Amino acid sequence: MTPVVTRRCLSLLVLLPLVLASRAGADSGALAPWLQARAREHASWVEDSTHVRSGPMGLWREWGAKEPMLPGFVPPTSLAPLIRAVEAGVVNINVTGTGSRLEGARRSATGSGFILTPDGLVVTNNHVVAQGDVVAREIVVRLSDGREFPAAVVGRDSSTDVALLRMLGKDVGGLPALYLGDSDKLEVGDWVVAIGNPFGLDHSVSHGMISAKERVIGVGPFDDFIQTDALINPGNSGGPLFNMRGEVVGVNTAIITQGQGIGFAVPINMVKDLLPNLRENGQLQKGWLGVVIDEEPQAGARAAVVKEVYRESPAAKAGIRTGDQVVGVNGKQVDSYQQLLRRVAMLAPGTEAKLTLLREGNTQDVVVKLSARPAPEVLEALASPGNLSELGLVLRDVTPEVAAPMGLEPYEGVLVSGVVPRSVAAQAGLRQGDVVTEVNRRKVKDIAAVKGALERGVGSSVLLRVRRGEVQQYVALEP
């Protein structure tokens, strides 16, 4: 038979080393610490034995205590109170199309959305109200109490699949707007609830948990989806994904048709960054920082390190340098190039953003006023070593490789490889393919000579001698 040790026996076993330790303290200073350590081990074993039961032969353990084994974990019971509190803010969106697959759809429920503000702003998916460049001819928003309102598109963006609508009508007001949460705080395993209009079934509810974060599924350049196993079916698109506080943490967007329980939602923090842009501009007008970023592996992460700074760009004006690591935008952590791209591109041109940099081991903040992204030819001009931004010219040395296909003599001048639209050079009539042979009456054979002649020039005007084909002429520029 297996011997049974009673609690009283256990107490005696614990007390015995303590008694011995106290007696040994008088006899031997070396023995006392050893006996006290054994006593602590016995006490720990006794404490553990009151919580844990062992199976036969110690093959497994069972938790025998009444208190929770997992501190901080509260098993869910009923989600009914949460659903009652938030369902009024979830709406159905019906569209009548004009062209594409929406054509002929007569007030059939095609998607979901949620009320953002009491005065009638609604968030949904772009694909619910538009197909490509074609916006639905008629949009009707239906509330949970049965009221219907026509709606118009305030702004939309296909790259994030988010659209902002406004409900129209004299009676719009005092609507049950929902609260937005913080999707950055979500953890894999958090419980979530999706409410929407799948297959035309009004206000259907599904629940599940967060399966993964920052999923890239190939929708666009700003892929950063929350993956959930809460069922998201056709008709749920644009509806809210709630956390257990009743806050919207995502916009239900996509599913994988080949599998079950694999749905994706746009993180609500991305939507927060996008909404001011949509409301003011009607579309995503992307802010531009003016840097080239390189990802470098660093401590298990992908550090966003500045490889190049465009001249006269917002980054250059803010003092950002090559080698700086961008670790935050407006207080939000940045761990990769993709995160930096998303954080900056969501901000409209003219927005001031606070960037946190790591420079030579020290952290510092800089304020950058973002601009609109220049045209490709302007970007080429800013990046080129032959860039003369004050004139709007991009120059290139006439090396033998460049000269041969153009029928030129090597180093007989400097080739105009680009002209910035609406610049001083463009207004003076300079064109791509022109060859500059003189600057301020000095012959030039390469870009370095051009810059040297400009630095030695007197006055504000610049006189160029330009060859175009067989014709040579002087052109005066006023920077």
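Residues numbered from 1 in each chain as written. Predicted model: local features only at pLDDT ≥ 70, side-chain atom pairs only at ≥ 80, totals over all residues. Heavy atoms only, no water.

A. Just the overall build of the chain, in detail. On a plain count of helices and strands, the chain comes out with 11 helices and 31 strands. Looking at the chain as a whole, 44% of its 479 residues qualify as buried. If you take every contact in the chain between residues at least 6 apart in sequence, the share linking residues at least 24 apart comes to 55%. Of the roughly 25,800 Å² of accessible surface on the chain, 53% is carried by carbon and sulfur atoms. (Helix = DSSP H or I, 4+ residues; strand = E, 2+ residues; numbered from the N terminus. Buried < 20%, exposed > 50% of the residue type's maximum accessible area, 1.4 Å probe, protein only. Contact = heavy atoms within 4.5 Å. Areas by Shrake-Rupley, 256 points an atom, 1.4 Å probe, with all protein chains shown as cover.)

B. Quick look at the nonpolar core. Formed by 31 residues in total, the largest nonpolar core has its most connected members in Phe114, Val123, Phe242 and Val271. Those elements that place two or more of their residues in this core are α3 (80-86), β5 (121-124), β10 (162-167), β11 (191-196), β15 (248-255), β16 (263-267) and α5 (268-281). In terms of residues, this core owes the most to one element, α5, which gives six residues. Look past the residues within four positions of Val271 in its chain and what remains in contact with it is Val123, Val162, Val251 and Val266. (Core = buried A, V, L, I, M, F, W, Y, C linked by side-chain atoms within 4.5 Å.)

C. Looking closely at the layout of surface pockets. Considering only enclosed or pocket space, the second largest pocket measures out at about 330 Å³ in volume. The wall of the second largest pocket is formed by 17 residues, among which Asp184, Glu214, Asp224, Gln339 and Arg343 lie closest to the centre. For the lining of the second largest pocket, the residue count by class is five nonpolar, four polar and eight charged. (1 Å grid on protein atoms, 1.4 Å probe; cavity = no way out; pocket = protein on both sides within 12 Å on 5 of 7 lines; lining within 4 Å. Points joined across faces, edges and corners; volume = space filled by probe spheres on them. Nonpolar A, V, L, I, M, F, W, Y, C, P; charged D, E, K, R; others polar.)

D. The side chain of Thr356, seen in detail. Within the secondary structure, Thr356 sits in strand β22 (residues 352-359). Polar contacts involving the side chain of Thr356 include one to the side chain of Asp365, which spans 2.9 Å. (Polar contact = N/O pair within 3.5 Å; in protein donor to acceptor, adjacent residues only side chain to side chain.)

E. Expanded view of empty space enclosed by the protein. Summed over the entire model, instances satisfying the criterion amount to two cavities of 30 Å³ or more. Size it by volume and the largest cavity reaches roughly 50 Å³. Every residue lining the largest cavity is counted, 10 residues in all, and those nearest its centre are Thr160, Phe222, Asp223, Phe225 and Met270. Grouping the amino acids of the lining of the largest cavity by side-chain chemistry returns six nonpolar, two polar and two charged. Here the second largest cavity is characterised by a volume of approximately 30 Å³.

F. Seen up close, a nonpolar patch on the surface. Among the surface-exposed residues, Trp63, Met69, Leu70, Phe73, Trp191, Met209 and Met244 lie close enough to one another that they form a single nonpolar patch of about 670 Å² accessible area. Summarising the element assignment, Trp191 is placed in strand β11. (Patch = residues over 30% accessible without salt bridge, like charges linked within 9 Å, V, L, I, M, F, W, Y side chains within 5 Å. Salt bridge = Lys/Arg side-chain N within 4 Å of Asp/Glu carboxyl O.)

G. Geometry of the packing of aromatic side chains. By the definition in use, this model includes two aromatic pairs. Judged by centre distance (6.3 Å) and plane angle (70 degrees), the rings of Phe225 and Phe264 are edge-to-face. Placement of Phe225 in strand β13 (residues 225-228) and of Phe264 in strand β16 is noted, with a sequence separation of 39 residues between them. Judged by centre distance (5.6 Å) and plane angle (45 degrees), the rings of Trp288 and Tyr310 are tilted. Note that Trp288 is positioned in strand β17 (residues 287-288) and Tyr310 in the loop between β19 (301-309) and α6 (314-317), a separation of 22 residues in sequence. Just as Trp288 is buried, Tyr310 falls in that class too. Note that Arg441 overlies the ring of Tyr474, its terminal NZ or CZ placed 4.9 Å from the centroid. (Phe/Tyr/Trp six-rings, centres within 6.5 Å; stacked < 30°, edge-to-face > 60°. Lys NZ or Arg CZ within 6 Å of the ring centre and 35° of its normal.)

H. The sheet that holds β16, seen in detail. Spatial strand order, β11-β12-β13-β16-β15-β14: six strands in a closed barrel with antiparallel pairing. In this sheet, adjacent strand axes meet at a mean angle of 45 degrees when their direction is disregarded. Of the pairings in the sheet, the one linking strand β12 (residues 204-215) to β13 comprises three bridges and is antiparallel in character. Paired with Ile210 across the strands is Thr228, a residue of β13. On the sheet, α5 packs against β15 and β16 and is oriented at approximately 45 degrees with respect to β16. (Pairing = 2+ DSSP bridges. Axes fitted to C-alpha atoms, helices over the stretch in contact; angles between N-to-C directions.)

I. Focus on a negative patch on the surface. On the surface, Asp182, Asp184, Glu214 and Asp335 cluster together into a negatively charged patch. Note on placement: Glu214 falls in strand β12. Since its relative accessible area comes to 43%, Glu214 is described here as partly exposed. (Lys, Arg positive; Asp, Glu negative; His and termini not counted. Charge placed at Lys NZ, Arg CZ, Asp CG, Glu CD.)

J. A look at the pattern of salt bridges. Enumeration over the complete set of coordinates arrives at 10 salt bridges. Residues Arg142 and Glu148 are paired through a salt bridge, measuring 3.7 Å at the closest nitrogen-oxygen approach. In this structure Arg142 comes out as buried when scored by relative accessible area, which is 18%. The class for Glu148 is partly exposed, based on a relative accessible area of 39%. Between Asp324 and Arg359 there is a salt bridge whose closest N-O contact spans 2.6 Å. Highlighted residues: Asp324 in the loop between α6 and β20 (325-329) and Arg359 in strand β22, separated in sequence by 35 residues. Note on Arg359: relative accessible area 11%, which makes it buried.

K. Quick peek at unusual backbone geometry. Even without being glycine, Asp161 reaches a positive phi, approximately 60 degrees. In this fold, Asp161 is placed in the loop between β9 (148-157) and β10.

L. A look at the environment of Val444. The topology assignment puts Val444 in the loop between β29 (442-443) and α11 (447-456). On the accessibility criterion, Val444 (2% relative accessible area) is buried. Remark: the alpha-carbon pair of Val444 and Gly413, spanning 31 residues in sequence, is separated by 5.7 Å. Excluding residues within four positions of it along the chain, Val444 makes contact with Glu412, Gly413, Val414, Val436, Thr437, Glu438, Val439, Ala449 and Val450.

M. Up close: the confidence of the model for the chain. Here the chain averages 81 in pLDDT, and 83% of its residues register 70 or above. Considering only residues more than four positions removed or in separate chains, one finds that residues 1-14, a stretch of pLDDT under 50, has eight contacts. Predicted confidence is poor over residues 98-107, with pLDDT under 50, and the contacts of this stretch with residues over four places away or in other chains come to 24 contacts. (pLDDT = per-residue confidence, 0-100.)

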